[in-house]
Every structure is written in structure tokens, then in C-alpha cells.
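Breakdown of the fold
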Amino acid sequence: MHKVPRVPLINDFYHQYLIDQKTTTFIRSVSKHYTLGTLERLAHHSARVTRRAAVLAVGLIGGYESNATLGRALCDMDRGVRMIADSNIRLLWTRWGTSSQRRRLNAIVRMNAAQRHHEAVRLATQLIAAVEELPETWHQRAVAHFNLGNFELAIDDCRQALERNPYHFVAAATIGQAQLRLGDRRAALDSFRWAMRLNPGLETARVQVQHLERTLNNPQ
């Protein structure tokens, strides 16, 4: 007689979260019953609902050390898992370093959001001088450089970000956008394909790949 596989308790927490959308309750329930290591293992569970629940929990509870878990989840066979990983990994990228370093990084993010790109470059350069290992600082400086029209500098900084965080699909796509601005469409196509290998659900990269493949194969 076959035993029925036990459904992980996290599934119940996830279903309740889908009903009430109470993030704090979900985090509290999960944290009471699971370690981060167990959640990362559940992110590879055979049941898609369990993977969705685990990836959501890792994104809410985990720090940058869970980057690889969410990075791999971007290529999950289930679209729901991929979408949850996409939204949460971006938050994870700002959780690297000490609390002081995170505050400084968040200030750079705010400067870019406010289109104060010169200030973002200045703050990012200062933080990079203090700690080179933080991938998102390089990417945020790349964003600032891109918006200032410094496309080659943006590419250089994105490559630094990807060297430190090989799952940074946004940096790969930013390289593609910068290469387009520089008129190198073939290099841009390679970069957008790179971004899609990291995150197959990245629609902006998919559109660019389709457009570039069509135009490069059928030049007017």
C-alpha cells in the first residue's frame, strides 16, 4: 500500500496568504516552523505550490546569501515560481552588506529614482571605494551613467555587477540597451539573449531579441 506524500505545512501558510495577503502573518508562520536552509531546499520541491511558497518565503526572509536559490528559480518550469522569483530577487540585491552599506545603497537607488543621476554617480563611487564587492552598487552607478548618456561607462559597471552577481539579469539587459545606443546591434542581441538565459520571463529582453533577430536577418 503506497503512502500518500505529506503536504508541507508551508502550503497551508501560502494558501492563507493568497486569501488575506497578510505578509507579516505569512513571515511569522513560516519563520516559526522553517529555517532558511529548509526553505531553500523546498524551493526545489516536486510540487509547484510548495516551490511557490518556498520561493516567496526565501524572498521575504532571506538575505543576499539566498541569491542563487532565487536565481535558479527564475528558470523554474512553473510560471508562478518564476514570477515570484523575479519580483523578490530584485529586493534581495539590496540586502547585501552591513546595515550602513545598505542604507547608502538605498540612498543611491532613491537618487536614480528621482533622476538625480549625477548625485547617484557620486554616492555610488564613494560606496564602491569603500566596498567593491556589492554588486548592486555597480549596477546603480551603471543606471546613472546610462541616463547621463555615458553608455560605455554603464557597460563597464554592469559587467562589474555581473562578475559579482552572475544572476543579475537586469545588468545584462542594461548592457544590451547601452550597446543599442552605441549602435552595436549584434552585441546588443547577445546581451539580451544573455539576460533571457538568466531570466526567461524578462519580457523587455524578449521583445528586443525578436526585433533584433528580425532586423539583423532581414536588413533593409
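Residues numbered from 1 in each chain as written. Predicted model: local features only at pLDDT ≥ 70, side-chain atom pairs only at ≥ 80, totals over all residues. Heavy atoms only, no water.

1. A word on the packing of aromatic side chains
Applying the stated criterion across every chain, the model contains three aromatic pairs. Ring centres of Tyr-17 and Phe-26 lie 5.3 Å apart, and the angle between their planes is 45 degrees; on these two criteria the pair is classed as tilted. (Phe/Tyr/Trp six-rings, centres within 6.5 Å; stacked < 30°, edge-to-face > 60°.)

2. Let's talk about helix H6 (residues 79–92)
Taking 1.5 Å per residue as the helical rise, H6 with its 14 residues ought to reach 20 Å, and the 20 Å between its terminal C-alpha atoms agrees with that figure. Within the sequence span of H6, burial applies to Gly-80, Val-81, Ile-84, Ala-85, Asp-86, Asn-88, Ile-89 and Leu-92. Those residues of H6 hidden inside the fold are in contact with helix H1 (9–20), helix H4 (48–61), helix H5 (67–73) and helix H11 (169–181). Between the side-chain oxygen of the N-cap and the backbone nitrogen of Gly-80 there are 3.1 Å, and the N-cap of H6 in question is Asp-78. (Helix = DSSP H or I, 4+ residues; strand = E, 2+ residues; numbered from the N terminus. Expected span 1.5 Å × (residues − 1). Buried < 20%, exposed > 50% of the residue type's maximum accessible area, 1.4 Å probe, protein only. Contact = heavy atoms within 4.5 Å. Polar contact = N/O pair within 3.5 Å; in protein donor to acceptor, adjacent residues only side chain to side chain.)

3. Description of helix H2 (residues 23–33)
Within the sequence span of H2, burial applies to Phe-26, Ser-29 and Val-30. Axial view of H2: buried residues confined to an arc of 95 degrees, hence all on one face. Turned more than 90 degrees away from the buried face of H2, the exposed residues are Thr-24, Arg-28 and Lys-32. (Arc of directions from axis to C-beta.)

4. Observations regarding unusual backbone geometry
Trans peptide bonds make up the majority, and among non-glycine residues the majority have a negative phi. At Gln-21, a residue that is not glycine, the phi angle is positive and equals roughly 60 degrees. Secondary-structure assignment places Gln-21 in the loop between H1 and H2. Relative accessible area serves as the criterion here: at 49%, Gln-21 is assigned to the partly exposed category. At Gln-115, a position not held by glycine, the phi torsion is positive, near 60 degrees. Structurally, Gln-115 can be placed in the loop between helix H7 (99–113) and helix H8 (117–130).

5. Comments concerning the environment of Ala-144
Relative to the elements of secondary structure, Ala-144 occurs in helix H9 (residues 135–147). Once the C-alpha coordinates of Ala-144 and Met-111 are considered, the two residues, 33 residues apart in sequence, prove to be 8.8 Å apart. Those residues within four positions of Ala-144 in sequence are excluded, and the remaining contacts are Asn-112, His-117, Ala-120 and Val-121.

6. Here we look at the packing of helix H12 (residues 185–198) against helix H13 (residues 203–217)
It is at 9 Å that the axes of H12 and H13 come closest, and there the two elements cross at 145 degrees. Crossing of H12 over H13 shows left-handed handedness. Contacts from Arg-185, Arg-186, Ala-188, Leu-189, Phe-192, Arg-193, Ala-195 and Met-196 in H12 reach Ala-205, Arg-206, Gln-208, Val-209, Leu-212, Glu-213, Thr-215 and Leu-216 in H13. Split by residue class, the contact of H12 with H13 holds nine nonpolar, two polar and five charged. (Axes fitted to C-alpha atoms, helices over the stretch in contact; angles between N-to-C directions. Left-handed = near helix turned anticlockwise from the far one by under 90°. Nonpolar A, V, L, I, M, F, W, Y, C, P; charged D, E, K, R; others polar.)

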